Amino acid sequence: MTITRNKINPQELCSRKLWELVSTTSHKSHISESELLEAIAELAERRHYLAELEEIGKLEK
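Residues numbered from 1 in each chain as written. Predicted model: local features only at pLDDT ≥ 70, side-chain atom pairs only at ≥ 80, totals over all residues. Heavy atoms only, no water.

1. Here we look at the pattern of salt bridges
Next up, step 1: Applying the stated criterion across every chain, the model contains three salt bridges.
Next up, step 2: Notably, a salt bridge pairs Lys7 with Glu38, separated by 3.0 Å at the nearest N-O pair. Taken together, the positions of Lys7 in the segment before α1 (15-23) and Glu38 in helix α2 (residues 33-46) put the pair 31 residues apart, joining distant regions of the chain.
Next up, step 3: The class for Lys7 is exposed, based on a relative accessible area of 54%. (Salt bridge = Lys/Arg side-chain N within 4 Å of Asp/Glu carboxyl O. Helix = DSSP H or I, 4+ residues; strand = E, 2+ residues; numbered from the N terminus. Buried < 20%, exposed > 50% of the residue type's maximum accessible area, 1.4 Å probe, protein only.)

2. Thoughts on the environment of Leu50
Next up, step 1: Structurally, Leu50 is set in helix α3 (residues 50-55).
Next up, step 2: Remark: the alpha-carbon pair of Leu50 and Ile40, spanning 10 residues in sequence, is separated by 9.4 Å.
Next up, step 3: Ignoring sequence-local partners within four residues, the contact set of Leu50 consists of Ala44 and Leu59. (Contact = heavy atoms within 4.5 Å.)

3. With respect to the nonpolar core
Next up, step 1: Membership of the largest hydrophobic core is limited to 10 residues, which are Leu18, Trp19, Leu21, Val22, Ile31, Leu36, Ala39, Ile40, Leu43 and Leu53.
Next up, step 2: Mapped by element, the contributors of at least two residues to this core are α1 and α2.
Next up, step 3: Not counting residues within four places of it along the chain, the set of residues in contact with Ile31 comprises Ile8, Leu21 and Leu36. (Core = buried A, V, L, I, M, F, W, Y, C linked by side-chain atoms within 4.5 Å.)

4. Thoughts on α2
Next up, step 1: In this model, α2 (14 residues) spans 20 Å end to end at C-alpha, consistent with the 20 Å of a helix rising 1.5 Å per residue.
Next up, step 2: All of the buried residues in α2 are Glu35, Leu36, Ala39, Ile40, Glu42 and Leu43. Buried residues of α2, viewed axially, fall in a sector of 160 degrees; they line one side. Away from the buried face of α2 by more than 90 degrees, exposed residues Glu33 and Glu45 are located.
Next up, step 3: Of the surrounding elements, those touching the buried residues of α2 are α1 and α3.
Next up, step 4: Just past α2, the residue Arg47 takes up positive phi, approximately 65 degrees. (Expected span 1.5 Å × (residues − 1). Arc of directions from axis to C-beta.)

5. A word on the packing of aromatic side chains
Next up, step 1: Inspection of every chain in the model, using the stated rule, returns one aromatic pair.
Next up, step 2: Between Trp19 and Tyr49 the ring centres are 5.1 Å apart and the planes differ by 5 degrees, which places this aromatic pair in the stacked class. Of this pair, Trp19 sits in helix α1 while Tyr49 sits in the loop between α2 and α3, and the two are 30 residues apart along the sequence.
Next up, step 3: Given the relative accessible area of 22%, Tyr49 is considered partly exposed. (Phe/Tyr/Trp six-rings, centres within 6.5 Å; stacked < 30°, edge-to-face > 60°.)

Set out below in structure tokens:
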């Protein structure tokens, strides 16, 4: 049995959901590294959670 997974589109998610994906250390959502980077970039572009991203080391100052 093959399980397929849809790719996450960060533009379709609210900032709160993106933050949940980025800040979850165990990555319970099983997102790929590229999807994680896209989520971080989308949050940075929206200018949401910038201080928090810097604090957890996901975004350089």
